[in-house]
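# Fold and contact review
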Amino acid sequence: MQRFRPFDHLILLLGAAFLVTPVVMAFMSSTHAATEIHMNGLFLSPGGEGMATYEKVLTQKGGFTGTVTGARMVMNSTILGLGFALGKVVVSMLAAYGLVYFRFRFATPIFWMIFTTLLLPLEVRIMPSYQVMSQLHALNTYWGLIIPLLASATGTFYFRQFFKSVPDELLEAARIDGAGPVRFFLGVLVPLSRPMMAAIFIIMFVYGWNQYLWPMLMTTDERFFTLMRGIKTILQVWIGSQIPDYNEAFALAVLAMLPPLGVVLAFQRLFIKGLTESDK
Amino acid sequence: MTASPVVPSPFLRLRQWWTRPSAHPAKVAQFDRPLAPWLFVAPQLLIVAIFFYWPSVQAVTSSFYLEDPFGFGAAFVGLDNYREALSSTEYRNIAGFTALFAATVTALSLGLGLLLAVKADAVMRGAGAYKTALISVYAIAPPVVGLIGMMMFDMHIGPFTKAAALFGWEMRVGIDYRDTAVALITVAVWKQIPYNFIFFLSGLQAVPSSVREAALIDARSGWRRFRDVTLPLLAPTGFFLLVINITYALFDTFGIIDVMVKDKPANNPITLVYKVYLDGFKGNDIGGSSAQSVILMVVVAALTVAQFRLIERRVHYG
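Residues numbered from 1 in each chain as written. Chains lettered and ligands numbered in written order. Predicted model: local features only at pLDDT ≥ 70, side-chain atom pairs only at ≥ 80, totals over all residues. Heavy atoms only, no water.

## Comments concerning the overall build of chain A
Definition in use: A run of DSSP states H or I qualifies as a helix once it reaches four residues; a run of E qualifies as a strand once it reaches two. Both are numbered from the N-terminal end. Three labels apply to residues, based on accessible area from a 1.4 Å probe with only protein chains included: buried if under 20% of the type maximum, exposed if over 50%, partly exposed otherwise in between. In what follows, a contact means two residues having at least one pair of non-hydrogen atoms within 4.5 Å. In short, Shrake-Rupley with a 1.4 Å probe defines the accessible areas, and a residue's cover is counted only from the protein chains shown. Positive charges come from Lys and Arg, negative ones from Asp and Glu, while His and the chain ends are left out of the count. Charge placement uses NZ in Lys and CZ in Arg. For Asp and Glu, CG and CD serve respectively.
A tally of helices and strands in chain A yields 15 helices and zero strands. On the principal axes, the C-alpha backbone points of chain A span a range of 75 × 70 × 30 Å. Put simply, chain A has 280 residues, and 55% of those count as buried. Nonlocal contacts in chain A, meaning residues at least 24 apart in sequence, comprise 72% of its contacts between residues at least 6 apart. Counting every atom, chain A has about 12200 Å² of accessible surface; 66% of that belongs to carbon and sulfur. Put simply, chain A has 20 plus and 15 minus side-chain charges, and the middle of one group is 9 Å from the middle of the other.

See the structure below:
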């Protein structure tokens, strides 16, 4: 029925090339030597230096004080991503359960108190947040890195929407069986929410992994540096060097974008569904 | 009979709102326990209180004080910090650039996202492959995007710089104000296209096939079909995305800007969020930085309220 439309394909090809080429270039260039990049520019074909570069980036101690390796940064980013995702799922699921399944005084102000956090991103209160953390002696700790990021109700919002869609009959049936709040939660609601929990966990892992400003402020000790922080450092070390380590910077960028790329490609459907339906 | 209706006093109504369980309970069937719900919401409440309300209140408080950079006390200065921020030419210039940046990034990424979505919706062959390619970069972190963008616009090795040189445009990103602005906008748009693409495409695919067929009969020209049928149907999605994109351009581009201006903001374009960070952490001007934070809070709160309104509208449309 539909005829082939070359013009449409041309636009789509140009768009796809515009979006994908820089990523491919970053990956390909990371497998060439820095001098080669310096002379010839960026590459769209693989080179032979890849193994050496990635090994160096992962194992060589870098940074200003020489205490952090790429592997350590990968570990810190993973800790931040996993800790954040886990914390988000647990804290927001409990809160949503309390808000949806209980009749109690002050429910309305509590609801507003929690959901007001959706109004203001961390960026606009970054300075006082830092001061609070320094008063709590939480600088350069993993919990100080993770827990303040949990102070936004996105997860609670998703779980609340989901719980509201769970049929009321389940609670009534559980009550007839004599189940209390804890047994209903663990025995009925948690098993029912598994796909939802998985989806939020994955999305929040990427969100935590991608954090930049907060880790940059919270960590002065290089042992706590994440990959995002490492990217900033490697660029600062560059200033003044004759041939910058383009290849190493690209290798770091590739390491930092593998999980986000992988997750989006592997869970494409889930991502699109989660994004476009969650806002309702 | 003159039975006057009982009008509760405003105070009583406030107290009712405050203490009654909820006017619209989320569930018809709910547990009725005095302690249990508090235990469930306690972790979230505690985190929100310590890491959201405490710093937010502190931002507002310290915006009225002039703090000694060496930590020897603070003096109450009223609205001076606000007055100083709003009247300084530097702040105004940055606010101007921020507005321009947000407008350009929003317009371009919305336009390109829409264009690609319409085309991806129209083609049959290869639609899946295009879709995958177009959304693949969606979740890459802003600083990584900034690093790649910096390389693309590098003065020695950047392909974009080389391409611009072919047209006689010698780009000096990181040194020349205008060139850096162009690079920042290009990179920020690059990162945001997939997001808009996803929403527009799912909006298009939600259009019932009966409507499509009717449009096909009524309007032969593709452009007219787009203008008279598709665009109005996508308008709610577009309004919703408008707010999201402005918020993105204002806040989420921090990582891109921080990497691309490489700690040399002096003669480079920066946004208001970046200025809050600079004044607070590099300049040690806590009062001024807090006042700027509060100004931004008001802007973003207004945007979010607008966004919630639009979401409500969207549901009514759909």
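After that view, the rundown keeps rolling.
## As for the UniProt feature "transmembrane region" (unreviewed entry) in chain B
All names here are of chain B. Put simply, the rule reads: UniProt positions are given in the numbering used here, feature names are shortened, and annotations may be inferred rather than shown by experiment.
In the numbering used here, UniProt assigns the "transmembrane region" (unreviewed entry) feature to residues 35-54, 94-118, 130-153, 231-251 and 291-311. Taken end to end, residues 35-54 is 95% helix and 0% strand, and its two terminal C-alpha atoms sit 25 Å from one another. Span residues 130-153 is 71% helix and 0% strand, its end C-alpha atoms 26 Å apart.

## Describing the interface of chain A and chain B
The test is simple: Summed over both partners, the accessible area lost on bringing two parts together, with a 1.4 Å probe, is the buried area. When a carboxyl oxygen of Asp or Glu lies within 4 Å of a side-chain nitrogen of Lys or Arg, that pair is called a salt bridge. Think of a polar contact as two N or O atoms within 3.5 Å of one another; within protein, one of them needs to be a possible hydrogen donor and the other a possible acceptor, and neighboring residues in sequence only count if both atoms come from side chains.
Chain A puts 110 residues into the contact, and the matching count from chain B is 98 residues. For the chain A and chain B pair, buried surface summed over both sides reaches about 10200 Å², with 75% attributable to carbon and sulfur atoms. The largest per-residue losses of area from chain A upon contact with chain B belong to Leu-12, Leu-19 and Arg-103 of chain A, which jointly make up 8% of the total buried on that side. Where chain A packs against chain B, one counts two salt bridges. Note that Lys-119 of chain B is salt-bridged to Asp-8 of chain A, the shortest N-O span being 3.1 Å. Linking chain A with chain B are 17 residue pairs in polar contact (both at pLDDT 80 or more), by the criterion used here. The element contributing the most residues to the side of chain A that touches chain B is helix α1 (residues 6-29) of chain A, with 14 residues.

## Considering the nonpolar core
Within soluble globular proteins, side chains that are nonpolar generally end up buried alongside one another. Test applied: Residues grouped as a nonpolar core are buried Ala, Val, Leu, Ile, Met, Phe, Trp, Tyr and Cys residues, joined through side-chain atoms within 4.5 Å.
Formed by 169 residues in total, the largest nonpolar core has its most connected members in Tyr-97, Tyr-101, Phe-163 and Met-257 of chain A together with Ile-140 and Val-144 of chain B. Per element, the largest residue contribution to this core is 16 residues, and it comes from helix α8 (residues 177-205) of chain B. Leaving out residues up to four positions away in the same chain, Ile-140 of chain B has contacts with Val-23, Asn-210, Met-257, Pro-260 and Leu-261 of chain A together with Val-145, Trp-190 and Lys-191 of chain B. Residues Phe-115 and Ala-153 of chain A together with Val-41 and Leu-45 of chain B belong to the second largest nonpolar core, which totals nine residues.

## Looking at unusual backbone geometry
Positive phi values are uncommon outside glycine, yet His-137 of chain A reaches one of about 55°. Residue placement: His-137 of chain A occurs in the loop between α6 (126-135) and α7 (142-146). For His-137 of chain A, a relative accessible area of 69% puts it in the exposed group. Despite not being glycine, Asn-284 of chain B shows a phi value in the positive range, around 60°.

## Observations concerning the environment of Leu-94 of chain A
On the secondary structure map, Leu-94 of chain A appears in helix α4 (residues 70-101). Spatially, the C-alpha atoms of Leu-94 of chain A and Phe-185 of chain A are 9.1 Å apart, while their sequence positions differ by 91 residues. Contact partners of Leu-94 of chain A, with chain neighbours within four places excluded, come to Phe-185 of chain A together with Phe-40 and Pro-43 of chain B.

## Topic: α1 of chain A
An α-helical turn contains 3.6 residues, so a residue and the one three or four places further along point in the same direction. For clarity, the cut-off: Every helix has an expected span of 1.5 Å times one less than the residues it contains. Here the bend at a residue means the angle between the axes of two seven-residue stretches, the one that ends at it and the one that starts at it.
Counted at 1.5 Å a residue, the expected span for α1 of chain A with its 24 residues is 34 Å, and the 32 Å between its end C-alpha atoms agrees. Bending of α1 of chain A peaks at approximately 35° at the position of Val-20 of chain A, with proline Pro-22 of chain A no more than four residues after it.

## As for the pattern of salt bridges
Applying the stated criterion to the full structure yields twelve salt bridges over all chains. Salt-bridge contacts for Arg-212 of chain B lead to Asp-121 of chain B; the nearest nitrogen and oxygen are separated by 3.3 Å. Of this pair, Arg-212 of chain B sits in helix α9 (residues 209-218) while Asp-121 of chain B sits in helix α4 (residues 89-122); the two residues are 91 residues apart in sequence, bridging distant segments of the chain. A salt bridge links Lys-275 of chain B to Asp-279 of chain B, with the nearest nitrogen and oxygen atoms 2.8 Å apart. Here Lys-275 of chain B and its partner Asp-279 of chain B are both found in helix α12 (residues 272-282), four residues apart, which amounts to about one turn of the helix. A relative accessible area of 16% means that Asp-279 of chain B is categorised as buried. One network of salt bridges, in which partners are shared, links Arg-5 and Asp-8 of chain A together with Lys-119 of chain B.

## Brief notes about the packing of aromatic side chains
As a reminder, the rule being used: Working definition: rings of Phe, Tyr and Trp (its six-membered ring) pair if their centres are within 6.5 Å, and the pair is stacked with planes under 30 degrees apart, edge-to-face with planes over 60 apart, and tilted otherwise.
All told, the structure shown has 37 aromatic pairs over all chains when counted by the stated rule. Aromatic side chains Phe-111 of chain A and Phe-115 of chain A sit 4.7 Å apart centroid to centroid with 45° between the ring planes, which places their arrangement in the tilted category. Highlighted residues: Phe-111 of chain A and Phe-115 of chain A, both in helix α5 (residues 107-115), separated by four residues, approximately one helical turn. Among the aromatic residues, ring-to-ring pairing joins Tyr-97, Tyr-101, Phe-102, Phe-159, Phe-162, Phe-163, Phe-184 and Phe-185 of chain A together with Phe-31 and Phe-40 of chain B into one connected group.

## Observations concerning the packing of α1 of chain A against α8 of chain B
Going by this rule: What counts as an axis is a line fitted to C-alpha atoms, over the stretch in contact for a helix, and the angles between N-to-C directions run from 0 to 180 degrees. Each angle receives one of four descriptions, namely roughly parallel if under 35 degrees, roughly antiparallel if over 145, roughly perpendicular if within 65 to 115, and oblique otherwise. Three categories are distinguished: nonpolar for Ala, Val, Leu, Ile, Met, Phe, Trp, Tyr, Cys and Pro, charged for Asp, Glu, Lys and Arg, and polar for the others, with Gly belonging to the last.
Viewed as axis vectors pointing N to C, α1 of chain A and α8 of chain B meet at an angle of 110°, and their least axial separation amounts to 10 Å. With respect to their mutual orientation, α1 of chain A and α8 of chain B come out roughly perpendicular. Here Phe-18, Leu-19, Pro-22 and Val-23 of chain A of α1 of chain A come into contact with α8 of chain B, specifically with Thr-186, Trp-190, Ile-193 and Pro-194 of chain B. Considering only residue class, the contact of α1 of chain A with α8 of chain B consists of seven nonpolar, one polar and no charged.

## Considerations on the side chain of Ser-129 of chain A
Position of Ser-129 of chain A relative to the elements: it lies in helix α6. Within polar-contact distance, the side chain of Ser-129 of chain A engages the backbone oxygen of Arg-125 of chain A at 2.7 Å. Excluding anything up to four places from it in sequence, Ser-129 of chain A contacts Leu-122 and Trp-214 of chain A together with Phe-51 and Pro-55 of chain B.

## Here's the deal with the UniProt feature "transmembrane region" (unreviewed entry) in chain A
Residue and element names in this part refer to chain A. The UniProt feature table records "transmembrane region" (unreviewed entry) at residues 79-99, 106-122, 142-163, 184-209 and 249-272. For residues 79-99, the end-to-end C-alpha separation is 29 Å, with 100% helix and 0% strand making up the annotated structure. Helix and strand shares over residues 142-163 are 68% and 0% respectively, and the end C-alpha atoms of the span are 31 Å apart.

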